[in-house]
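Here is how the chains run, residue by residue.
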Amino acid sequence: MIKIIFVCLGNICRSPLAEAIFQHKVNQKGLQDKISSDSAGTANYHVGDDPDTRSIAVAVKHDVPIQHKGQQFHHTHGEEFDYIMAMDQSNHRNIIHELGYKHEGLFLMRDFDPDGKGEEVPDPYYGGADGFENVYQMLDRSCDELLEYIVKEHNL
Ligand code: 4NP
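Predicted, not measured: the structure shown is a model, and the values here were computed from it.

Calculation criteria
- Residues numbered from 1 in each chain as written.
- Predicted model: local features only at pLDDT ≥ 70, side-chain atom pairs only at ≥ 80, totals over all residues.
- Heavy atoms only, no water.
- Salt bridge = Lys/Arg side-chain N within 4 Å of Asp/Glu carboxyl O.
- Helix = DSSP H or I, 4+ residues; strand = E, 2+ residues; numbered from the N terminus.
- Buried < 20%, exposed > 50% of the residue type's maximum accessible area, 1.4 Å probe, protein only.
- Phe/Tyr/Trp six-rings, centres within 6.5 Å; stacked < 30°, edge-to-face > 60°.
- Lys NZ or Arg CZ within 6 Å of the ring centre and 35° of its normal.
- Pairing = 2+ DSSP bridges.
- Axes fitted to C-alpha atoms, helices over the stretch in contact; angles between N-to-C directions.
- Contact = heavy atoms within 4.5 Å.

Quick look at the pattern of salt bridges
For step 1, the next point in the chain: For the coordinates displayed, the defined rule picks out 11 salt bridges.
For step 2, the next point in the chain: The salt bridge partner of Arg-14 is Asp-88, with a shortest N-O separation of 3.0 Å. Taken as a pair, Arg-14 in helix H1 (residues 14–28) and Asp-88 in the loop between strand S3 (83–86) and helix H4 (89–99) lie far apart in primary sequence, 74 residues in all.
For step 3, the next point in the chain: When the shortest N-O distance is used, the salt bridge between Arg-54 and Asp-52 registers 2.8 Å.
For step 4, the next point in the chain: Under the relative-accessibility criterion, Arg-54 is labelled partly exposed at 25%.
For step 5, the next point in the chain: Beyond isolated ion pairs, a larger network of salt bridges with shared partners links Arg-110, Asp-113, Glu-119 and Arg-141.

Listed below in structure tokens is the structure:
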């Protein structure tokens, strides 16, 4: 099983949405026995919490099932996961700090976005619903390219 974890700050807005979108694409391709996804936050503010209602709303709008309970990113995730996808540069730095080394599967999510390579997925927490739709579109594009990359990389 190839294991991927999506990481943001709070694990209620961006990363559970990324996990939901990615897993939905995996399922649609019938790859659910080969690839699994999870998400976490670098902070502990929302451990045990459901995704933000605005992330749930945008997922529902696009017919993507979403279900997650907040968890904090922990250094043991470094051995457990093949890919660690940071939403922004701050998450990326915090992940390296928590791990104590640079994991070879650590990427910025938008390294895979054809429309904004290497840019950040902005934190939509303090904004409105349009921010969540914007994040959805970035994640959707990035998940397509990420899944394509993993399928090729592992001959799935
Ligand atoms: P996320 O958004 O990192 O995309 O889950 C945030 C959610 C909550 C907080 C910050 C960002 N917060 O400060 O509680």
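Details of the packing of aromatic side chains
For step 1, the next point in the chain: Taken as a whole and assessed by the stated rule, the structure comprises six aromatic pairs.
For step 2, the next point in the chain: Geometrically, the ring pair formed by Phe-107 and Tyr-149 is edge-to-face, given 6.1 Å between the ring centres and 75 degrees between the ring planes. Taken together, the residues Phe-107 in strand S4 (residues 106–108) and Tyr-149 in helix H5 (residues 129–153) connect sequence positions 42 residues apart.
For step 3, the next point in the chain: Exposure remark for Phe-107: the relative accessible area of 18% places this residue in the buried category.
For step 4, the next point in the chain: A network of ring pairs unites the aromatic residues Tyr-83, Phe-107, Phe-112 and Tyr-149 as a single cluster.
For step 5, the next point in the chain: Taking NZ or CZ as reference, Lys-3 lies 5.1 Å from the ring centre of Phe-81, over its face.

What to know about the sheet that holds S3
For step 1, the next point in the chain: Strand order in this open sheet of four strands is S2-S1-S3-S4, and the pairing throughout is parallel. Bordering the open sheet on either side are strand S2 (35–41) and S4, each of which pairs with just one other strand. Averaged over neighbouring strand pairs, the angle between their axes works out to 25 degrees when direction is ignored.
For step 2, the next point in the chain: As defined by bridge partners, strand S1 (residues 2–8) adjoins S3 across four bridges and the pair is classed as parallel. What sits directly across from Ile-5, in S3, is Ile-84.
For step 3, the next point in the chain: Helix-sheet contacts for H4 involve S1, S3 and S4, and the interaxial angle to S4 is about 165 degrees.

The values reported here are purely geometric and, on their own, carry no functional implication.
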